[in-house]
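# A closer look at the structure
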Amino acid sequence: MNQGGAEDNCSSKRGKFGGLLRERDAFLTSQETGWDGCFGEDNYFSNALSFSEVTATSDPVSAANKLSVVPTSDYYKPAGVGAPDRNSENVVVNNLANDTKVLGNTSSGYYRTSAGNLATAYRHRGFVFEGTDTLMLPPLANDGSDTEIEITKQMGRTMVFDSFTYNNTDYYIGSAAVGPFAYGDSNKDWGGDLDTCVGNADPASQRQCQNFAFATKAAVWSVNADVYQAANWTQGTERNIDNKAMQGSARAAVLANIDGVLKPILVGLNSFQDGSNVFMEATVFRPSADPSATIESGNFWTPVRISRSTIKDGDDFVYSNSVATDINENLILIGEAKRRGDKRENGAAPNRMFLAEVNPTDGSPEARYFDELNSNSGIFFRGVGGETGAINNFNEIVGAVDAEQSTEYFGKKRRQRGFIYPYNGSGTDANRLAVFQGQPWLLDDLTNDGQLGGNNQYRVIDAADINDDGVIAATALKCDGGYDTTSHNSYCGNGQKKEKLVAVKLIPIANEAERSIQTRGVEAPPVQRSGGSLGWMALIMLGFFGLRRNK
C-alpha cells in the first residue's frame, strides 16, 4: 500500500511536494529545509511511500513503519554521488512471493549534484525486498549500438509484478528495457536535445535526460537477478516503429498442467506492429511445447493475442490499448480494453473489463466483456468502465467499476467504487456462488450494516486483490465518524469535512446467520438501526497488509 497526506505534523510540508510536474521539475529545484522529523531535511519528498503492516492506531507514515527498500545501483550513480537524498524514491508494492518477499517498483531517488541539481538515475526499477535486503532487477539492454546499450544499462526501466516456481526454481516476471526509444524525434525533447544523452558518460546529470525512455519486452528474472527475455513482440522486430517504441510486459503467472508437466503461463501485454502503427494488446504468453526448451534460452513463451480485445476488428479501430491483468488456476484471465475516443458507448469511452478462458496448448482466447455477460444490467450497465484488480481460484473477481452513468464526453469523470464479481465458470464453487446470490456487487453494499458509524465511515473505491479465503485488499475513502447517511453518495459532514484515502481489509463474516446484504440507497435519508445484522463483510483499516493468493 502506498500512502501519503496523512494528518500528522508533516502534512503541511508534504503539501508542497509531489505530482508528475514536480518530478519533472525536480532537477532544477533548490534545497529547502524544515523537514526535521519528516524523514530528514531533503527538498524532494516521495510521491509514493510503502509501509510494513501497521494497525489502524499506528501512524502509517512513521519512519518505523516505512518499508526500507534501498534502491541501490552499483552500475551507475549520477554525477558520481554516492547516495540519493533520503526518502526521495517513489516505491510501489505489487505483490508478495512466498509470503516473505515483497515485489515492487521503485525510482532511484534523487542524487544531488555538485551544481545543486537533483538527478534520478532511473524512473522505474523492479525490486525484491526480504527482511532488510533489496534485490534490484536489471534491464535486458540487448538492442542497439554500444552507446544505446550503455544508457539502457544505466537508466533503463524495469518493473516486476508476479512470481512463479518452475523446476524447483523461483522466478520473477515483469518488463525490462531493451534499448532507447526514438530519441531523435524532436517532439520528445523536454528541457533539451535528447540526442546528447546517448554516448554521454553521465547522462542523468543533464536535465533533458531525466525524461529519457525505452522500448521494453516481457522479462523474467532468476532469484540471482539474472534477466531473460520471456518472448519477442507479437509481431515486429524493430524496437521503434515510426517514432513509437515497442512494449511488452508480463503481469501475472500461473502453473498449468500440460501433458502431465506443470509449466508457467503468463499474461500481460505485448506490442503488435501493423504497418506504421504499434498496438499494445492483451496477451497470453504460452509456454513452449518443446520439452528441451528452457527459460534461460530467451524464448520460452510464445505470445498469443486475445481475440475481441485487439485494437482492430477487421479494418475498424475499436480500442486504443488492452491488457490482461491476472490469471487463476482455472486458466481464467481478466483484463481491460480501452475504447477509442470516437467509439464511445453510453456517453463514455471506458476501459471495458473482460475475462477469457485459456487453452494452455492451442487456439486464441476470446474476451468476454462483463457488461455482455451480465446482459448490460446491474452494476455492469451498458458502456460501463472499470479496472480489473485480481481473480482468485474460486473465480471471484475484484476491481473498480463506474458507480454512475453520467456522460463523460464533455462531462465529468464518473466516480468509481470497488466491486466483486463471482463468475460462474470452470472451477466455480456452487456454495461460494450462492453466498453472493450469483451476482456481482459493489463492495459498499456488502459492508453496509445500516449504522451511521462503523463501516459507514468508509466508501470502498478500489479492490486490488482477493485470496481464496475471500479476504479483499482495498482502498477506501474515510469520513471520520461516518458519512451523513448510509447512501452511496452521502456527504461527509454536509460536504464540509475532509475525507482521507486509506487502505482497508475486507473479511467475510463466517456465520451465515449474522450476515446479510443490504444495498445502499442513493440520496437516502439517515438510517439508524438497533441490533440486526453485521452486514456481509467486516472492514478493518490498515496502513499496509500482504495478501497472498494461492495461485
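Conventions used here
- Numbering of residues starts from 1 in each chain and follows the order in which that chain's sequence is written.
- pLDDT decides what is reported in this predicted model: residues at 70 or higher carry local features, side-chain atom pairs at 80 or more are listed and counted, and totals for whole chains, interfaces and linings draw on all residues regardless.
- Only hydrogens and water are removed before side-chain values are computed, so all heavy atoms of the structure are retained for them.
- Segments assigned H or I by DSSP are reported as helices when at least four residues long, segments assigned E as strands when at least two residues long, and all are numbered from the N terminus.
- The buried label goes to any residue with under 20% of its type's maximum accessible area, the exposed label to any with over 50%, and the partly exposed label to all in between, with areas taken from a 1.4 Å probe on protein chains only.
- What makes two residues a contact is simply this: any of their non-hydrogen atoms within 4.5 Å.
- Shrake-Rupley sampling with a 1.4 Å probe provides the accessible areas, and residues are treated as covered by the protein chains on show and by no other component.
- For two strands to pair, DSSP has to find at least two bridges joining them.
- Between N-to-C directions, angles cover 0 to 180 degrees, with each direction set by a line fitted to C-alpha atoms, over the stretch in contact for helices.
- Identification of polar contacts relies on pairs of N or O atoms within 3.5 Å, with a donor-acceptor requirement for protein atoms, meaning one able to donate a hydrogen and the other able to accept it, and with residues adjacent in sequence counted only if both atoms are side-chain atoms.
- Any two cysteine sulfur atoms within 2.5 Å of one another count as a disulfide.
- Residues are said to line a cavity or pocket when one of their atoms sits within 4 Å of a point; the points come from a 1 Å grid over protein atoms alone, cavities being sets where a 1.4 Å probe fits but cannot get out and pockets being open sets with protein on both sides within 12 Å along at least five of seven lines.
- Grid points are joined across faces, edges and corners, and a volume is the space filled by probe spheres set on the points.
- Any Phe, Tyr or Trp ring, taking Trp's six-membered ring, that has another such ring centre within 6.5 Å forms a pair; planes under 30 degrees apart are called stacked, those over 60 apart edge-to-face, and the others tilted.
- Either the NZ atom of lysine or the CZ atom of arginine qualifies as a charge over a ring when it sits within 6 Å of the ring centre and within 35 degrees of the ring normal.

For the protein, the name recorded in an unreviewed UniProt entry is GlyGly-CTERM sorting domain-containing protein, with Vibrio maritimus as its organism.

## Considering the overall build of the protein
Looking only at helices and strands, one finds six helices and 30 strands in the protein. The 551 residues of the protein split such that 55% are buried. The long-range fraction of contacts in the protein, counting pairs at least 24 apart against all pairs at least 6 apart in sequence, stands at 63%. Surface summary for the protein: the accessible area is close to 22400 Å², and the carbon and sulfur share equals 46%.

## Overview of the sheet that holds strand β14 (residues 261–274)
Pairing is antiparallel in the open sheet, where four strands are placed in the order β13-β14-β15-β16. If you trace the sheet from one side to the other, it starts and ends with β13 (248–258) and β16 (301–305), each paired once. In this sheet, neighbouring strand axes are inclined to one another by 35 degrees on average, regardless of whether the strands run parallel or antiparallel. Bridge count for β13 against β14 is 10 bridges, and the pairing is antiparallel. Among the inter-strand pairings, Ala252 is bridged to a residue of β14, identified as Val267.

## So, the environment of Pro203
Inspection of the secondary structure assignment puts Pro203 in the loop between β8 (169–180) and β9 (214–222). Considering only alpha carbons, one finds Pro203 and Gln154, 49 residues apart in sequence, at a separation of 8.6 Å.

## Considering the side chain of His488
Inspection of the secondary structure assignment puts His488 in the loop between β28 (472–478) and β29 (500–508). You can call His488 buried: its relative accessible area is 8%. A polar side-chain atom of His488 sits 3.1 Å from a polar atom in the side chain of Asp445.

## Here we look at the environment of Ile306
By the secondary structure assignment, Ile306 is in the loop between β16 and β17 (312–313). Note: C-alpha distance between Ile306 and Val284 (22 residues apart in sequence) is 7.1 Å.

## A word on the state of the cysteines
Under the definition given, this model contains two disulfides. Across the disulfide from Cys197 sits Cys209; the S-S distance is 2.0 Å. Measuring handedness by torsion sign, the sulfur bridge of Cys197 and Cys209 sits at about -105 degrees and is left-handed. Taken as a pair, Cys197 in the loop between β8 and β9 and Cys209 in the loop between β8 and β9 lie far apart in primary sequence, 12 residues in all.

## A short note on unusual backbone geometry
You will see that Ala225, though not glycine, has its phi angle at about 70 degrees, which is positive. On the secondary structure map, Ala225 appears in the loop between β9 and β10 (227–229). At Arg308, a residue that is not glycine, the phi angle is positive and equals roughly 70 degrees. Mapping Arg308 onto the fold places it in the loop between β16 and β17.

## Regarding the sheet that holds strand β21 (residues 351–357)
Taken in spatial order, the four strands of this open sheet run β19-β20-β21-β22, and their pairing is antiparallel. Among the strands making up the open sheet, the edge pair consists of β19 (319–327) and β22 (368–369). Examined bridge by bridge, β19 and strand β20 (residues 332–339) share seven bridges and lie antiparallel to one another. Looking across to β20, one finds that Ala324 is bridged to Gly335.

## A word on helix α3 (residues 146–155)
Those residues of α3 that fall on the buried side of the exposure criterion are Glu148, Ile149, Ile151, Thr152, Gln154 and Met155. Summarising the contacts, the buried residues of α3 are in contact with β4 (118–120), β5 (125–130), β8 and β9.

## Some words on the pairing of strand β7 (residues 158–166)
For β7, the tally of buried residues reaches seven of nine residues, placing the bulk of the element in the interior. Summarising the sheet, β7 and β8 pair through eight bridges and their orientation is antiparallel. Counterpart to Val160 in the pairing with β8 is Gly174.

## Re empty space enclosed by the protein
Counted under the stated rule, the structure contains two cavities of 30 Å³ or more. Put simply, the largest cavity is a space of about 40 Å³. Looking at the largest cavity, the residues that line it are Thr120, Ala121, Tyr122, Arg123, Met155, Arg157, Gln210, Phe212 and Phe214.

## Regarding the packing of aromatic side chains
Aromatic ring pairs are defined here through the distance separating the ring centres and the angle between the ring planes. Applying the stated rule across the entire model yields 17 aromatic pairs. Here Phe380 and Phe419 contribute two aromatic rings whose centre-to-centre distance is 5.5 Å and whose plane-to-plane angle is 85 degrees, an arrangement assigned as edge-to-face. Linking Phe380 in the loop between α4 (370–373) and β23 (386–391) with Phe419 in strand β25 (residues 416–422), this pair joins segments that are 39 residues apart in sequence. Here Phe380 matches Phe419 in class, with each residue buried. Each ring, one from Phe380 and one from Tyr421, has its centre 5.3 Å from the other, and the planes form 65 degrees; the classification is edge-to-face. A residue pair is termed long-range when its members are at least 10 positions apart, and Phe380 in the loop between α4 and β23 and Tyr421 in strand β25 qualify at 41 residues. A relative accessible area of 0% means that Phe380 is categorised as buried. Joined through ring pairs, the aromatic side chains of Phe164, Tyr166, Tyr171, Phe300 and Trp301 make up one cluster. Between Arg125 and the ring centre of Tyr122, over which it is positioned, the NZ or CZ distance is 4.4 Å. Positioned above the aromatic ring of Tyr369, the side-chain terminus of Arg352 is 3.9 Å from the ring centre.

## Quick word on the environment of Gln416
For Gln416, the location among the structural elements is in strand β25. For Gln416, a relative accessible area of 19% translates into the label buried. Between the alpha carbons of Gln416 and Asp402 there is a distance of 4.4 Å; along the sequence they are 14 residues apart. With near-sequence residues (within four places) excluded, Gln416 lies in contact with Gly385, Gly386, Ala400, Val401, Asp402, Ala403 and Ile461. A polar contact is formed between the side chain of Gln416 and the side chain of Asp402, at a distance of 3.0 Å.

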